[in-house]
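For reference, the chains in residue letters:
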Amino acid sequence: MDCNKEEEEGAGMEDDDLLPNPGLPISFPLTSLHRLLDRSYFSSFHFPYNKSSVPLPPKAAADRPRLLVCHDLKGGYQDDKWVQGSSNSGAYSLWHWGCVDVFVYFSHNLVTIPPPGWVNAAHKHGVQVLGTFITEWEEGEKICQSLLESEESAQMYALRLAELAQALGFDGWLINIENKIRKDQIGNLIQFVKHLTISMHTLVPSSLVIWYDAVTIDGELDWQNCLNNKNYEFFDACDGVFINYTWKEEYAKVSAIAARHRAFDVYMGVDVFGRNTFGGGGFNSNIALKVAQEAGVSAALFAIAWVYETNQSPNFQEAEDRWWGTIEACWNYVNRNQLKFPFFSDFNEPRICLVKASQESPFHVSLSSEDAIYGGGSSLRFVGSVQIEEICVVELFPSQGILIGAPLNVSYSVLLGPSSQFCLVLKLQHRNNNRFIFLTGQNSIEVVKEAIDLSRKPYLSFKYREVCHDIMKVDSSKLDQNISAMSRGLKPDNSVEKSGWYLRQYFLELHECSLTNIYAVSHISELDYKKALQILEGNTSQGYSLSSISNDQGPCKLDTAENGKDIRSNRKIMSEIAPLVASGKSKRYYALLGHIRATSPSKDCFCPLKSCKFHASIIEWLENSEGARFTSLELKWVFDNQIDSLPRNIAKQDCACNESSLFVHYNVYFRPAYIVKNEAELEARKCDGVDYSKVQLRYLGAAFVQAFYVNFLPVPNDCNLLHFWLQPFCECGLAQDLKESPLCAVEVPSENSNVWKLNA
């Protein structure tokens, strides 16, 4: 793409013949045809860490205009290259997935491989992810001459790209040839595109190959800015075309006519940086989208990190919400996620949409990892001033619906401030009628227009229990056995004892209905169910529709807490709240929602894993000049019942998940140990040795594949063993009890061993 930014901070490799050495796992591109040809990537240390762990949900291609977004952040491979996580909490992220159909990870390296974090996030929202194959300028001409040397070479390289996508779990390629092509090789170029498309469709169902409008059928580098007879053959050979972004208004209709029955496969490019792009880009990017939509074609937004890169005011969160607000307001095709069953969320990804709230008081909702956290992920924080009789309703998970034909266990955790009350509401659809189930702190209540009915049969019946407990300890054995599974996988970083969490559990007897939405209801006084129902149905002037990305001035908005600061001390919020509280008409409101979970009660326990081979490969033992010791090692695990080398394909007979479902991630913990060898040593340890059995486990991180790299881990001088625990998590949110989790013991070499290397 002819982007020519003033600064392009590529993260490509300097030497085409070298792959990164073992170390902290990273994502990286391939910068030569040689590396694509020899398949050396598949034998590299980093390969297994770059596999995506979330499959794309099966769905038919959208029969409507589609929105493609192209990443292109400072040349790619920034914070997102660290596949086990980055320490930069301010790294760029995307949370407005609702209207996105295709995500392209872009860089100016020959073969741009999407980092698995992007693939996993996109797949969770049903969005396809493409890598980029790009050749540019004089160097690109040389590469293309080798690539297109023959029809066989063109097909061979196409197959290599398809194999790469299949092995790593992403969904296709953007082909960007921005250099001249010899006329005698045009046929081979078309064959390359065609064979790549066929190979992708064979290896990865529902895959996409998209051609970028640059080189013409004559081999000239001549951007057409529309679909016409100079680029149609490339379009005809693949799944779509990304039109260059310097088009004129009438070109969208011209392209639609040229595409005939495939108008939705034409993506009119829009450069968000505004470089000669129609509409001007920036906060006016929606102008081009409207034209594309009216012409009946799709659209492609290039460089969607514009807000982040240009530091738009007042801050990234608010400016990003504002920019996406303009996009979603004009683009009529917003996806509603299909909720999965079993359902679990600990708010680890921000997809909250605020839709209804009272207009009378400032009320803020935010995702927070700084407040108390129930069992991992983040907390959803509700804070503000709420009038005595006021009800604030927040839509959490709009969906096309989960079909429910059996009893249902629902649980959620909540921490409440003084005078603050909270409940969840399930919106069910039964025979085209909406039903609302209020999961309160006292009971489960169905509210209908005529009356509040606690036992409408044969449709619904309820059981309820609530437990208050300290949830922040890693050792869950002290908790009630029936609820402790919900609290496993705790972060030792948050191991300070914090009580006050309430775990609310409900058994719902549901028949022939679909779960179509989950709402949060905040209030101070006893809940007026009829008033709440009116707000939920949108039949009251006291409520109004509000989205998290379009509300700039309203009293209810989605906020991001400043790092390290509690929103309760945020001066701006408190200055809004204080006068209202002082007047006596309102009270301060504070609540944290820790998680939501819905499963089948017949399969509501985790099947312990005992057939796991968990081992460590020692990379190196290091010692510095001051005598401090460290190790770097790789942990790997495999399960006895894995089939055909498929990662994470684990059968679990008693888990709430289906038997064919996968573990979604693994927590890795560490603690040093000392094993005494004789009585004398035991007596010596009693006097001055550390009792490591009483030392709290250290949380090292989360793995999304069956490997985890531990980098520069301190090794106490008086330990002779390193213990590592592996704690698997199911998609329903349950985790293996740490006491039953696989354990790997690594023997520490003696201090006189020659394996210790001096760390300069």
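This write-up is about the structure you can find in this document. (Residues numbered from 1 in each chain as written. Predicted model: local features only at pLDDT ≥ 70, side-chain atom pairs only at ≥ 80, totals over all residues. Heavy atoms only, no water.)

Those residues of helix α12 (residues 529–537) that fall on the buried side of the exposure criterion are Tyr529, Lys531, Ala532, Leu533, Ile535 and Leu536. The backbone nitrogen of Lys530 lies 3.2 Å from a side-chain oxygen of the residue at the head of α12, namely Asp528. Just downstream of α12, Gly538 is the residue with a positive phi angle, here 75°. (Buried < 20%, exposed > 50% of the residue type's maximum accessible area, 1.4 Å probe, protein only. Helix = DSSP H or I, 4+ residues; strand = E, 2+ residues; numbered from the N terminus. Polar contact = N/O pair within 3.5 Å; in protein donor to acceptor, adjacent residues only side chain to side chain.)

Attention shifts here to the nonpolar core. Membership of the largest hydrophobic core comes to 95 residues, with the highest contact counts inside it found for Phe103, Val111, Trp173, Phe192, Trp211, Leu301 and Trp323. Element by element, the count of residues in this core is highest for helix α4 (residues 151–168), at eight residues. Discounting chain neighbours no more than four positions away, the residues touching Trp211 are Ile175, Ile177, Leu189, Val193, Phe234, Cys238, Gly240, Val241 and Phe242. The next biggest cluster of nonpolar side chains, apart from the first, holds 51 residues, and it includes Leu408, Ile437, Tyr529 and Ile596. (Core = buried A, V, L, I, M, F, W, Y, C linked by side-chain atoms within 4.5 Å. Contact = heavy atoms within 4.5 Å.)

Turning next to the sheet that holds strand β30 (residues 698–703). Taken in spatial order, the four strands of this open sheet run β30-β29-β32-β33, and their pairing is antiparallel. The open sheet has two free edges, formed respectively by β30 and β33 (743–747), since each of these has just one partner strand. The mean angle between the axes of side-by-side strands here comes to 20°, regardless of whether they run parallel or antiparallel. (Pairing = 2+ DSSP bridges. Axes fitted to C-alpha atoms, helices over the stretch in contact; angles between N-to-C directions.)

Before going further, it helps to spend a moment on the pattern of salt bridges. Taken as a whole and assessed by the stated rule, the structure comprises seven salt bridges. When the shortest N-O distance is used, the salt bridge between Asp265 and Arg262 registers 2.8 Å. Accessibility expressed as a relative area gives 15% for Asp265, which makes it buried. What makes Arg262 buried here is its relative accessible area of 14%. Ionic contacts of the salt-bridge type, sharing partners, join the residues Arg66, Arg262 and Asp265 into one network. (Salt bridge = Lys/Arg side-chain N within 4 Å of Asp/Glu carboxyl O.)

Turning our attention to the sheet that holds strand β27 (residues 612–623). Read across the sheet, four strands follow the order β31-β28-β27-β34 without closing on themselves; strand pairing throughout is mixed. Strand pairing shows two members of the sheet lacking a second neighbour, β31 (707–715) and β34 (756–758), which therefore form its edges. Across the sheet, the axes of successive neighbouring strands diverge by a mean angle of 25°, strand direction being ignored. Taken together, the eleven bridges between β27 and strand β28 (residues 629–639) define a ladder with antiparallel strand orientation. By the bridge assignment, Ser617 is partnered in β28 with Glu634.

Our next topic: the environment of Pro22. Position of Pro22 relative to the elements: it lies in the segment before α1 (33–38). Judged by its relative accessible area of 51%, Pro22 falls in the exposed class. In the structure, Pro22 is positioned 597 residues away from Ile619 in sequence and 8.3 Å away in space, judged by C-alpha atoms.

A word on unusual backbone geometry. Here the residue pair Ser313 and Pro314 is connected by a cis peptide bond, since its omega of 0° sits within 30 degrees of zero. Looking at where Pro314 falls in the secondary structure, it is placed in the loop between α9 (306–309) and α10 (316–330). With phi around 60°, Asn276 is a residue other than glycine that occupies positive phi space. Mapping Asn276 onto the fold places it in the loop between β8 (266–271) and α8 (285–295).

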